[in-house]
Each structure stands twice: as C-alpha cells, then as structure tokens.
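Below, each chain spelled out in residue letters.
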Amino acid sequence: MKRAKVHAPAKINLTLHVTGQRDDGYHLLDSLVVFAPVHDTLDMNFDTSDLSMTVEGPEADGVPSDMSNLVLRAADILGEHLAAHLTKNLPPASGMGGGSADAAAVLRALLLRTLPPEATLDDIVAQLLQKIQALELHALGADVPMCMLNMPMHVRGIGEQMTPLRGIPPINALLVNPRRAVSTPEVFRAMTTRDNPPMPEIPTLPDAAALIAFLKDMRNDMQVAAEVIEPSIGDVLTTLEEAPGCGLARMSGSGATCFGLFADISDEELAKTAQTIRRAHPDWWVASGPLGNQFALGLPTFS
Ligand code: C5P
C-alpha cells in the first residue's frame, strides 16, 4: 500500500470546564467533546525517502509546511517517511482541533496501515487507544488523543484521559468562525479563575432537546477571556442566538469558533440559515451539519 487518504473532522467542545492548573502550567479540563462532518483532508504517499508536505485549500493561508507542522512531527514520531498533501478547510487556531486533528489523521493512517483486513471496528478502536497511551500523543498537542477517535467522549486531565460515550444523541449545528486566529496560551493566561467546578455526571440524554437542556447548565470557562481578546466572538454568539430555532450558542475550545445547536430543524432549514449568515457576514467561515460520532468519516482508505 503506497497511498492513503484520510479526513480530519472538526472537534467541538460542547462543554469545557477548566478545573485547575498543574505545577507545569498545563490546565486541568473536564469536557464533553463531539465531532463535526466538516473536515480537513490528507493525501499521503509513502513511496518516498523524505518527509515533506504541501498545503492548499480555502483555509491554507499561513499554515506552515515545514517541521513546525504537527503533520510532519507526527510522522517523525513513528519514524515514517511520507509526502503529505493537506487540504485545509478548517480555519487554523480556531478551537476545532486544527493542527492536532491533522496530526491525528496522519497517525491514524500510519497505525492502521498494518492492521489485517479482517480487523473489526472494536479492534481498530482498541489499537488506537493503546497507541495513544503508549506513544504519549498528548505531548504532541493536547487535542491529538481525542482527535484520534472522532467519537463523542468525556475528556479529562490535560486532554489525555478519554472515555468514549455511547449515549450522546447527534445534534444539528451551525459552526461559525469570524476568521480571527486565537492563541490558546493567550486565552489561558487571560483567564481570571482556574479552579472552576467540574461537570456533573452526564445523565441519560434521550434526544437532542435533552442534550441542549443539559448543556445549558454547563460552561466553556475560556469563553469570557477569549471574548475580551477577540470581541468578534461576541458578534458570532449573538448572530447564532438570533438564528431561528437555535437552542444554545457557545464557543468551542479556546475559540474563536462558536456553535449553535438546533433540536428541531430540517437539514434544508439549517442549510438556509447557514446561507443567510454567510450573506450577512461574507468574511466569516460558516458550516452546518450534525455533531456527534464521525469515527467512520475519519477512517483512512489505502491504495
Ligand atoms: O497542546 P497544545 O499545543 O494544543 O496547547 C497549546 C498551549 O495551551 C500549551 O502550550 C499550554 O500553554 C496551553 N494548554 C494548557 N492546558 C491544556 C492544554 C493546553 O495550559 N490542557
């Protein structure tokens, strides 16, 4: 197998509670994470003795193609050679996983390349979970471990403790980014409280309306600090809150991407609302679709 193609779905933090800070400065998180169908794509050629990459696509501006890109650092950790072509659809530094999601996609392809064809989905998940721990992938980027699996999960620690969740109902969402990159360390530094309460136990959530009701009492503890640094986040949140049928609007990660959740809306209506926002704000990035499990979307294909 000389080639692989793999997608890197966007990561969305439905909640992001910051519950403390370790002595090394890293923050302790408690987060409910899901994935969106919108994604970056990596095409890889393994028939090379180099380690190189090219980047193109609507959000490629400013994305490095040298060893500072996590894609190449991820391949290097496994001692692999490849030529990667990254199609960048997700805005960088946007709270959706970004470089970590791309790196996780490369690692998925490299790690699953040697699995026998009769491997079951459970075998694949077990193999990925084992490698995440063995390779200490959180050292590459805090979002890398969760972006390896692309399924709903409860994430704790600094991002390395993950519990996949089966009972999270899929939910329709709009994702909006004001196309302003936000620096994660800068937002962490600007936070005024770092020892906030964790999430309660996640209850049984029979449908999207129940999920929204639960999330309303939860938080993103980075949101206030991010809005101070990047005031356009406030405009995005107001726009989402005013969209017809929006049950909840909140920021993902350290921003600036925000999501609006819709319990009861047709795909057609959702696409129409996305188009209305795009027309009113042509400089914003807007995507729509169901948030939830994108495990299958993230599986590599080989040729
Ligand atoms: O790991 P990643 O590169 O995504 O994190 C960027 C920065 O955000 C880290 O260098 C660290 O300063 C901060 N961070 C943190 N606590 C976390 C994750 C990241 O303080 N749990």
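Above: the structure in question.
As a starting point, this report considers the structure included with it. (Residues numbered from 1 in each chain as written. Predicted model: local features only at pLDDT ≥ 70, side-chain atom pairs only at ≥ 80, totals over all residues. Heavy atoms only, no water.)

Let's talk about the overall build of the protein chain
The test is simple: Every helix listed is a DSSP run of H or I at least four residues long, and every strand listed is a run of E at least two residues long, numbered separately from the N terminus. Throughout this description, buried means an accessible area under 20% of the type-specific maximum (1.4 Å probe, protein chains only), exposed means over 50%, and partly exposed covers the range between. Contacts are assigned to residue pairs with any non-hydrogen atoms lying within 4.5 Å of each other. Each accessible area is a Shrake-Rupley estimate made with a 1.4 Å probe; only the visible protein chains count as cover when residues are assessed. Counted as positive: Lys and Arg. Counted as negative: Asp and Glu, with His and the chain ends omitted from the count. Note that the charge is assigned to NZ on lysines, CZ on arginines, CG on aspartates and CD on glutamates.
Secondary structure assignment for the protein chain yields nine helices and 12 strands. Expressed along its principal axes, the backbone C-alpha trace of the protein chain runs to roughly 50 × 45 × 40 Å. Every one of the 303 residues in the protein chain was classed for burial, and the buried ones make up 53%. Long-range contacts, defined as pairs at least 24 residues apart, comprise 75% of the intrachain contacts of the protein chain with a sequence gap of at least 6. For the protein chain, the computed accessible surface area is about 13200 Å², with 50% contributed by carbon and sulfur atoms. Computed over 22 positive and 36 negative side-chain charges, the separation of the two mean positions in the protein chain equals 2 Å.

Examining the environment of Trp 284
Residue position: Trp 284 is located in the loop between helix 9 (267-280) and strand 11 (285-291). Under the relative-accessibility criterion, Trp 284 is labelled buried at 9%. The spatial distance from the C-alpha of Trp 284 to the C-alpha of Glu 160 is 32 Å, given a sequence separation of 124 residues. Those residues in contact with Trp 284 that sit more than four places away from it in its chain are Val 176, Asn 177, Pro 178, Arg 179, Asp 235, Val 236, Thr 239 and Ile 277.

With respect to the side chain of Asn 177
Spelled out, the test is: Counting of polar contacts relies on pairs of N or O atoms within 3.5 Å, with two restrictions inside protein: one atom must be capable of donating a hydrogen and the other of accepting it, and residues adjacent in sequence are counted only when both atoms are side-chain atoms.
Among the structural elements, Asn 177 can be located in strand 8 (residues 171-177). A distance of 2.9 Å separates a polar atom in the side chain of Asn 177 from a polar atom in the side chain of Thr 257. In contact with Asn 177, other than residues within four places in its own chain, are Pro 91, Ser 94, Ala 256, Thr 257, Trp 284 and Trp 285.

Description of the sheet that holds strand 9 (residues 246-251)
The strands making up a sheet associate through backbone hydrogen bonding, with each pair oriented either parallel or antiparallel. This is how the line gets drawn: We treat two strands as partners when DSSP finds at least two bridges between them. Here an axis means a line fitted to C-alpha atoms, over the contact stretch when the element is a helix, while the angle between two N-to-C directions is reported on a 0 to 180 degree scale.
A sheet is described by the order of its strands in space; here four strands give the open sequence 9-10-8-11, paired in antiparallel fashion. The open sheet is flanked by strand 9 and strand 11, the only strands paired with a single partner. In this sheet, neighbouring strand axes are inclined to one another by 20 degrees on average, regardless of whether the strands run parallel or antiparallel. Examined bridge by bridge, strand 8 and strand 11 share seven bridges and lie antiparallel to one another. Paired with Leu 174 across the two strands is Ser 288, which belongs to strand 11. The strands touched by helix 6 (residues 208-216) are strand 8, strand 9 and strand 10 (258-262); relative to strand 9, the strand with the most contacts, the crossing angle is about 45 degrees. Against the sheet, helix 9 makes contact with strand 8, strand 10 and strand 11, and its axis sits at roughly 165 degrees relative to strand 11, the strand it touches most.

Overview of the pattern of salt bridges
We apply this condition: Should a side-chain nitrogen of Lys or Arg be within 4 Å of a carboxyl oxygen of Asp or Glu, the pair is scored as a salt bridge.
Taken as a whole and assessed by the stated rule, the structure comprises nine salt bridges. Among the salt bridges present, the one from Lys 5 reaches Asp 43, with a minimum N-O distance of 3.3 Å. One end of the pair, Lys 5, is in strand 1 (residues 3-13); the other, Asp 43, is in strand 3 (residues 27-45), and 38 residues separate them in sequence. What makes Asp 43 partly exposed here is its relative accessible area of 27%. The salt bridge involving Glu 80 is made with Arg 113; its shortest N-O contact spans 3.2 Å. One end of the pair, Glu 80, is in the loop between helix 1 (70-77) and strand 5 (82-87); the other, Arg 113, is in the loop between helix 2 (98-112) and helix 3 (121-134), with 33 residues separating them in the sequence. With a relative accessible area of 21%, Arg 113 lands in the partly exposed category. Connected through salt bridges with shared partners, the residues Asp 40, Lys 88 and Asp 102 form a single ionic network.

So far we have only geometry, and geometry alone does not tell us how the molecule works.
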